Amino acid sequence: MPWQGSLKHLFLFDVDGTLVSPGGVSRGLLSRAITYETGQDIELGYNDVAGFTDLSITRHALSNLNIDGLISPRLLDVILERYLAYVKSEFTQSAEPFVHDDCIAFLNTVENAGHATCLFTGNMKSVAKIKLSRFGIWDRFPFGVFSDDAEDKNSMLRIVQERAWDVLEESFRMEQMVVVGDTVQDAEAAKENGCKSVIVCRVAEKKEAIDDVGPDILVDDLSDPDLLNRLYH
Ligand SMILES: [Mg+2]
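Residues numbered from 1 in each chain as written. Predicted model: local features only at pLDDT ≥ 70, side-chain atom pairs only at ≥ 80, totals over all residues.

**Overview of the nonpolar core**
Point 1. In this structure, L12, F120 and V160 are the most contacted members of the largest nonpolar core, which totals 59 residues.
Point 2. Counting the residues that make up this core, at least three belong to each of domain 1 (10-21 + 98-230) and domain 2 (25-90).
Point 3. Once you skip the residues sitting within four places of it in the chain, F120 turns out to touch L12, F13, D14, G144, V145, M156, V160 and V179. (Core = buried A, V, L, I, M, F, W, Y, C linked by C-beta atoms within 7 Å. Buried ≥ 20, exposed ≤ 12 C-beta atoms within 10 Å, placed from the backbone. Domains from an automatic or database assignment. Contact = placed C-beta atoms within 7 Å.)

**Examining helix α4 (residues 73-90)**
Point 1. The end-to-end C-alpha distance of α4, which contains 18 residues, comes to 25 Å, matching closely the 26 Å that a straight helix rising 1.5 Å per residue would cover.
Point 2. Of all the positions in α4, only I79, L80, Y83 and V87 are classed as buried. Around the axis of α4, the buried residues are gathered within 95° of arc, so they sit on the same side. Every exposed residue of α4 that faces more than 90 degrees away from the buried side is listed here: R74, D77, A85 and S89.
Point 3. Its buried side turned inward, α4 meets α1 (25-38), α3 (54-64) and α6 (125-134). (Helix = DSSP H or I, 4+ residues; strand = E, 2+ residues; numbered from the N terminus. Expected span 1.5 Å × (residues − 1). Arc of directions from axis to C-beta.)

**Some remarks on the environment of T109**
Point 1. The topology assignment puts T109 in helix α5 (residues 101-112).
Point 2. Between the C-alpha atoms of T109 and V200, which are 91 residues apart in sequence, the distance is 16 Å.
Point 3. Not counting the four nearest positions on each side in its chain, T109 is found in contact with P225 and L228.

**Notes on the domain arrangement of the chain**
Point 1. On domain assignment, one finds that the chain holds domain 1 (10-21 + 98-230) and domain 2 (25-90).
Point 2. Sorting the residues of the side of domain 1 that touches domain 2 by element identifies α6 and α8 (184-193) as the ones contributing at least two each.
Point 3. Tallied by class, the residues present in the side of domain 1 that touches domain 2 amount to four nonpolar, seven polar and three charged. (Nonpolar A, V, L, I, M, F, W, Y, C, P; charged D, E, K, R; others polar.)

**Some points on the sheet that holds strand β4 (residues 116-120)**
Point 1. Within the open sheet, the six strands sit side by side as β5-β4-β1-β6-β7-β8. Their pairing is parallel. At either end of the open sheet lies a strand with only one pairing partner, and these are β5 (144-145) and β8 (217-219).
Point 2. Pairing of strand β7 (residues 196-200) with β8, which is carried by three bridges, proceeds in the parallel orientation. What sits directly across from V198, in β8, is I217.
Point 3. Helix α7 (residues 156-168) contacts β1 (10-13), β4, β5 and β6 (177-181) of the sheet and is inclined by roughly 135° relative to β4. (Pairing = 2+ DSSP bridges. Axes fitted to C-alpha atoms, helices over the stretch in contact; angles between N-to-C directions.)

Below is the structure:
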């Protein structure tokens, strides 16, 4: 479908690596919560977390610890509750996290063009709220879809459609939705659901893998003021 400037689109913003850089803070806190509740040392790396949901990261980490018999919904719950408590007390204290100004510029452009926006993140809602509130941008998004809603990003996009209807009372076809993210998983979720995608590659060695998925736009940063126009040309 050709780009129609007058047609309203829904832009779905990822959080970590797209809107904000959590530094290593959130994965460090999740590692600590898992270690506390299982008694087993674990250190989550970038590849363990980027593109995945808090729930799937935790489930996967536990399965690697070979304590399969002990993995219960209750254990997952207590780990994620402890993680949330750590984020509450420590995320706002750390000097590591920062907001990606290029993404805020793109968000401004998208809003000024009259498009709708929402959040599309593997963070739990409560965690996303803490991260974005720190930088004063939580209230800019009328709704979001989170780790609480689905275990992977592929299945989140249908929920985005439902929620857009509930909150905005507008219906968006998949091809009217644009994923703004930073990972292979973001690009794949868009592709498999028939959405468009703008992917910002913040980690140079991931570029080839993201490019292989074929996002509509792949950039090193989102500051090009012409990005919105480039999406359909
Ligand atoms: Mg991300």
